[in-house]
Amino acid sequence: FTKVEETPMSRDLMLHLSEGLDEGERRRLLAYLDDRLGGGVDALDSRKPHLLFVPTDPEKAPPHAVLEAVRQRGYHARLVDL
């Protein structure tokens with residue numbers, strides 16, 4: 001019997017921002033989140049400039065920490081439950 005090591009599952013967060021983000025703003029915000037919370041995973045594409053889908057590891061970056069980091073950048077955001 002071989003023990004399989006469990007790895008944490010990533011979870012996609014959907015953030016709704018009051019502000020629409022252009023491509024440059026989106027990249028800067030994602031770079032900030034990566035620096036602040038780690039992860040190194042690109043956000044999923046969205047055709048809606050006010051939606052941001054961010055894959056995260058809930059153990060390293062719980063949803064409330066992601067939301068707080070986005071708000072600290074001056075955006076008005078809320079989590080959308082998937």
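Read on for a plain summary of the structure. Given the structure is predicted, the values throughout are model-derived calculations rather than measurements.

Thresholds, definitions, all that
- Residues numbered from 1 in each chain as written.
- Predicted model: local features only at pLDDT ≥ 70, side-chain atom pairs only at ≥ 80, totals over all residues.
- Heavy atoms only, no water.
- Core = buried A, V, L, I, M, F, W, Y, C linked by side-chain atoms within 4.5 Å.
- Buried < 20%, exposed > 50% of the residue type's maximum accessible area, 1.4 Å probe, protein only.
- Helix = DSSP H or I, 4+ residues; strand = E, 2+ residues; numbered from the N terminus.
- Contact = heavy atoms within 4.5 Å.
- Arc of directions from axis to C-beta.
- Salt bridge = Lys/Arg side-chain N within 4 Å of Asp/Glu carboxyl O.

## A few points about the nonpolar core
Part 1: The biggest cluster of nonpolar side chains holds 17 residues, and the ones touching the most others in it are Leu 15, Leu 17, Leu 29, Leu 33 and Val 70.
Part 2: Sorting the residues of this core by element identifies strand S1 (11–17), helix H1 (23–37), strand S2 (51–56) and helix H2 (63–72) as the ones contributing at least two each.
Part 3: The contacts of Val 70, once residues within four sequence positions are left out, are Leu 15, Leu 17, Leu 29, Leu 33, Tyr 75 and Ala 77.

## Focus: H2
Part 1: Along H2, the residues that are buried comprise Val 66, Leu 67, Ala 69 and Val 70. Buried residues in H2, looked at end-on, bunch into an arc of 160°, giving them a common side.
Part 2: Buried residues along H2 sit in contact with S1, H1, S2 and strand S3 (77–80).
Part 3: Immediately downstream of H2, the backbone of Gly 74 shows phi near 95°, a positive value.

## Some points on the pattern of salt bridges
Part 1: All told, the structure shown has 1 salt bridge when counted by the stated rule.
Part 2: Residues Glu 23 and Arg 27 are paired through a salt bridge, measuring 3.8 Å at the closest nitrogen-oxygen approach. With Glu 23 and Arg 27 both in helix H1, this residue pair falls 4 residues apart, about one helical turn.
Part 3: Overall, the relative accessible area of 48% leaves Glu 23 in the partly exposed class.

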